[in-house]
Amino acid sequence: MAGTSQIRPTATLAPFAKPDRFDPELQTFLEQASARLCQWFATASNRGPLPALSALPDVAPPPQGLSVDALLDDLQLVMEGAYQPSHPGALAHLDPPPLTASIAADLICAGLNNNLLAEELSPSLSRLEREMCRWFAERLGLPLTAGGVAASGGSLSNLMAMVIGRQQADLQDDPRAVVLASVDAHVSLAKAIRVMGLASDALQTVPVDQEGCMNLDALEHQLKALRAEGRPCLAVVATAGTTVQGAVDPLVAVAELCRREQVWLHVDGAIGGVFALTAATASVVEGISLADSITVNPQKLLGITKTSSLLLVANQSHLASAFSTGLPYMEPAWGDGHGSEIGLQGTRPAEVLKLWLGLRQLGEQGIQCLLEGAIQRRQSLARQLDASRFILLSGPLHLIACTPKNADADQASVWSLATRQSLLEQQLMVSRPLHHGRHFLKVVLGNPHTQSIHLNRLATLMNQSLLGLR
């Protein structure tokens with residue numbers, strides 16, 4: 001083809017894999033790139049989670065394509081400036097090290113370059129995604145009618161859930177519709193409200209109790225107030241794992257109230273939903289099976305490479321009902337339907353491949369080990385932090401946040417900034433969220449490389465950080 005012939009290959013690497021014979025140069029290139037990645041993993045403990053400096057290669061394409069060595073050197077520069085989630089001290093965010101099988105699946109996904117837009121563009125992968133979503137739905141206790149769709153992140157999953165809830169309540173043309181969620185719910189809900197064209201006050205927050213859980217009496221009161229005001233509620237969003245504290249709303253009670261009030265219940269389980277995958281930890285998200293829709297993000301704890309988010313619905317027909325528009329430029333689907341007809345995204349990669357292969361690598365025991373290990377690390381750290389001098393916030397999951405008891409907001413800000421920096425110098429990375437008007441230091445215990453020695457050192461340093469405070 002004319003367009004293809006104008007693309008000049010590099011010195012030893014053709015721009016496209018050969019369709020008619022094995023390409024040893026491509027194999028060598030991929031092996032060399034993989035070797036550099038493996039070396040980056042192998043030296044993670046020699047550096048901190050954050051790079052000392054970050055130098056980028058040139059961004060613009062050169063006049064002539066680069067050689068293999070130059071391409072690899074450019075990749076190396078980017079790698080050296082990257083965040084290192086495999087470091088045992090990477091404890092700041094919900095970004096664990098990647099599963100090795102998930103890395104390989106990501107490579108295969110890129111090589112296959114299939115498109116979940118339509119079945120004929122991804123024959124086996126379309127079926128794999130649907131079966132994987134059904135498996136998750138079953139594990140989370142949803143009914144046999146349940147199904148789901150993969151999405152690029154929890155924000156998109158939450159948005160799609162709100163669109164479905166509005167459609168099911170027949171409120172598509174009512175900008176006065178309201179979403180109720182706890183004051184600690186994820187910020188993606190505010191984005192969803194904007195995208196959906198609802199009123200500026202459409203997201204109304206419900207107070208939380210001392211444990212960070214949605215106050216059920218307040219929720220019931222707000223639902224009654226909305227009804228008296230004549231404003232419809234399109235959905236209640238309960239959170240299974242808040243961002244700072246890891247709190248889980250009272251899902252059973254919220255579900256009972258929503259059914260009584262005939263309101264769509266969405267559970268944002270981006271953080272905590274995976275704990276329902278095994279009986280050993282399912283109790284921490286009890287009641288998640290009662291939701292109309294659920295967001296689950298396996299990327300946040302199970303090590304599935306980004307991105308990996310699922311929107312699960314108790315009735316899978318609601319997906320097509322909300323998002324199907326018809327694809328007149330594609331052949332009709334021969335199975336369950338085209339992937340673009342059950343979600344907001346059209347063209348999208350087969351991200352389910354890395355989820356499926358990663359879970360196959362872990363097995364039932366490996367999944368349980370990751371989930372239980374994360375909770376045990378949080379419990380271990382909590383026992384070592386000085387509860388007499390810290391305000392400790394933690395739910396039943398794997399997050400814990402702390403701030404000095406005898407400090408005002410300004411002092412907490414200064415303390416958190418200085419302590420975070422001193423911890424970074426010791427190759428321990430925690431985050432510094434602003435929560436209810438005060439800065440906290442937050443520790444996420446989802447890194448399987450973090451051992452007791454790291455937790456002991458972290459607790460010691462954090463306790464010592466309080467010595468300078470009155």
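These figures come from a predicted structure and were not determined experimentally.

Some thoughts on the overall build of the protein chain
And then number 1: A count of helical and extended segments in the protein chain gives 13 helices and 12 strands.
And then number 2: Since a compact globule built from 470 residues should have a radius of gyration of about 23 Å, the 24 Å found for the protein chain is in line with a globular shape.
And then number 3: The principal-axis extents of the C-alpha atoms in the protein chain amount to approximately 70 × 60 × 40 Å.
And then number 4: Out of the 470 residues in the protein chain, the part that is buried amounts to 50%.
And then number 5: Summed over its atoms, the accessible surface of the protein chain is roughly 21900 Å², and 55% of this surface lies on carbon and sulfur atoms.

Quick notes on the pairing of strand β12 (residues 441-444)
And then number 1: Residues Leu441 and Val443 point to one face of β12 and Lys442 and Val444 to the other, with burial holding for every one of them.
And then number 2: Of the pairings in the sheet, the one linking strand β9 (residues 399-404) to β12 comprises four bridges and is antiparallel in character. Opposite cysteine 402, over in β12, you have leucine 441 as the bridge partner.

Some details on the pattern of salt bridges
Opposite charge on two side chains permits them to pair, given that their charged atoms come into close proximity.
And then number 1: This structure, assessed with the given rule, holds 13 salt bridges.
And then number 2: One salt-bridge network, held together by shared partners, links Glu220, Lys224 and Arg260.

Some details on helix α6 (residues 154-168)
And then number 1: Helix length check: α6 (15 residues) gives 21 Å between terminal C-alpha atoms against 21 Å at 1.5 Å per residue, within 8%.
And then number 2: Among the 15 residues of α6, 13 are classified as buried, and the element is accordingly described as predominantly covered.
And then number 3: Just downstream of α6, aspartate 170 is the residue with a positive phi angle, here 55°.

Concerning unusual backbone geometry
And then number 1: Here the amide bond leading from lysine 306 into threonine 307 is cis, since omega sits at -5°, within 30 degrees of zero.
And then number 2: Structurally, threonine 307 is set in the loop between β6 (293-296) and β7 (309-313).
And then number 3: With a phi angle near 55°, asparagine 113 is a residue other than glycine that sits in the positive phi range.
And then number 4: Mapped onto the secondary structure, asparagine 113 falls in the loop between α4 (100-112) and α5 (123-139).
And then number 5: Unusually for a residue other than glycine, aspartate 170 sits at a positive phi of about 55°.
And then number 6: The topology assignment puts aspartate 170 in the loop between α6 and β2 (178-182).

With respect to the packing of α6 against helix α7 (residues 188-195)
And then number 1: Packing of α6 against α7 brings their axes to within 9 Å, and their N-to-C directions diverge by 50°. Comparing the axis directions of α6 and α7 gives the class oblique. For the crossing formed where α6 meets α7, the hand is right-handed. Touching Ser155, Asn158, Leu159 and Met162 of α6 are Ser188, Leu189, Ala192 and Val195, all from α7.
And then number 2: Of the residues in the contact of α6 with α7, the class split is five nonpolar, three polar and no charged.

Re the sheet that holds β7
And then number 1: With mixed pairing, the seven strands of this open sheet are ordered in space as β1-β7-β6-β5-β4-β2-β3. Edge positions in the sheet fall to β1 (147-151) and β3 (203-206), since each of these pairs with one other strand and no more. Here the average twist between neighbouring strands, direction ignored, is 20°.
And then number 2: Across four bridges, β2 lies against strand β4 (residues 233-239) in parallel orientation.

Here we look at the sheet that holds strand β8 (residues 390-394)
Hydrogen bonding along the main chain pairs the strands of a sheet, whether they run parallel or antiparallel.
And then number 1: An order of β8-β9-β12 is seen for the three strands of this open sheet, with the pairing classed as antiparallel. Of all strands in the sheet, those bounded by a partner on one side alone are β8 and β12. Direction aside, the axes of adjacent strands within the sheet are offset by 20° on average.

As for the pairing of β2
And then number 1: Most of β2 is tucked away: five of the five residues are buried.
And then number 2: Here β2 shows two buried faces, one formed by Val178, Leu180 and Ser182 and the other by Val179 and Ala181.
And then number 3: Note that β2 and β3 share four bridges and pair parallel. Following the sheet pairing, valine 179 is matched in β3 by leucine 203.
And then number 4: Following the backbone out of β2, through α7 and into the adjacent parallel β3, one traces a crossover that is right-handed.

Description of helix α3 (residues 68-80)
And then number 1: The end-to-end C-alpha distance of α3, which contains 13 residues, comes to 18 Å, matching closely the 18 Å that a straight helix rising 1.5 Å per residue would cover.
And then number 2: All of the buried residues along α3 are Val68, Leu72 and Met79. Buried residues of α3 fall within an arc of 30° about the axis and therefore sit on the same side.

Side note on the side chain of glutamine 222
And then number 1: Tracing the backbone through its elements, the reader meets glutamine 222 in helix α8 (residues 216-229).
And then number 2: Non-local contacts of glutamine 222, meaning those with residues more than four positions away in its chain, are made with Leu180, Gln204, Thr205, Val206 and Pro207.

Quick look at a nonpolar patch on the surface
And then number 1: On the surface, Leu30, Leu107, Ile108 and Leu112 cluster together into a nonpolar patch covering about 330 Å² of accessible area.
And then number 2: With respect to the helices and strands, leucine 107 occurs in helix α4.

Some remarks on the packing of helix α11 (residues 352-384) against helix α13 (residues 452-464)
And then number 1: Running from amino to carboxyl end, α11 crosses α13 at an angle of 35°, the nearest separation of the two axes being 9 Å. Between α11 and α13 the crossing geometry is right-handed. Contact residues: α11 offers Arg377, Ser380, Leu381 and Gln384, while α13 offers Leu455, Asn456, Leu458, Ala459 and Asn463.
And then number 2: Class assignment for the residues of the contact of α11 with α13 results in four nonpolar, four polar and one charged.

A closer look at the packing of aromatic side chains
And then number 1: Applying the stated rule across the entire model yields three aromatic pairs.
And then number 2: Ring centres 5.6 Å apart and planes at 55° place the aromatic pair tryptophan 40 and phenylalanine 41 in the tilted group.
And then number 3: Phenylalanine 41 gets classed as partly exposed once you look at its relative accessible area, which sits at 25%.

Conventions used here
Residues numbered from 1 in each chain as written. Predicted model: local features only at pLDDT ≥ 70, side-chain atom pairs only at ≥ 80, totals over all residues. Heavy atoms only, no water. Helix = DSSP H or I, 4+ residues; strand = E, 2+ residues; numbered from the N terminus. Rg over C-alpha atoms; globule rule 2.2 N^0.38 Å. Buried < 20%, exposed > 50% of the residue type's maximum accessible area, 1.4 Å probe, protein only. Areas by Shrake-Rupley, 256 points an atom, 1.4 Å probe, with all protein chains shown as cover. Pairing = 2+ DSSP bridges. Salt bridge = Lys/Arg side-chain N within 4 Å of Asp/Glu carboxyl O. Expected span 1.5 Å × (residues − 1). Axes fitted to C-alpha atoms, helices over the stretch in contact; angles between N-to-C directions. Parallel < 35°, antiparallel > 145°, perpendicular 65-115°, else oblique. Left-handed = near helix turned anticlockwise from the far one by under 90°. Contact = heavy atoms within 4.5 Å. Nonpolar A, V, L, I, M, F, W, Y, C, P; charged D, E, K, R; others polar. Right-handed = clockwise from strand over helix to strand, strands pointing away. Arc of directions from axis to C-beta. Patch = residues over 30% accessible without salt bridge, like charges linked within 9 Å, V, L, I, M, F, W, Y side chains within 5 Å. Phe/Tyr/Trp six-rings, centres within 6.5 Å; stacked < 30°, edge-to-face > 60°.

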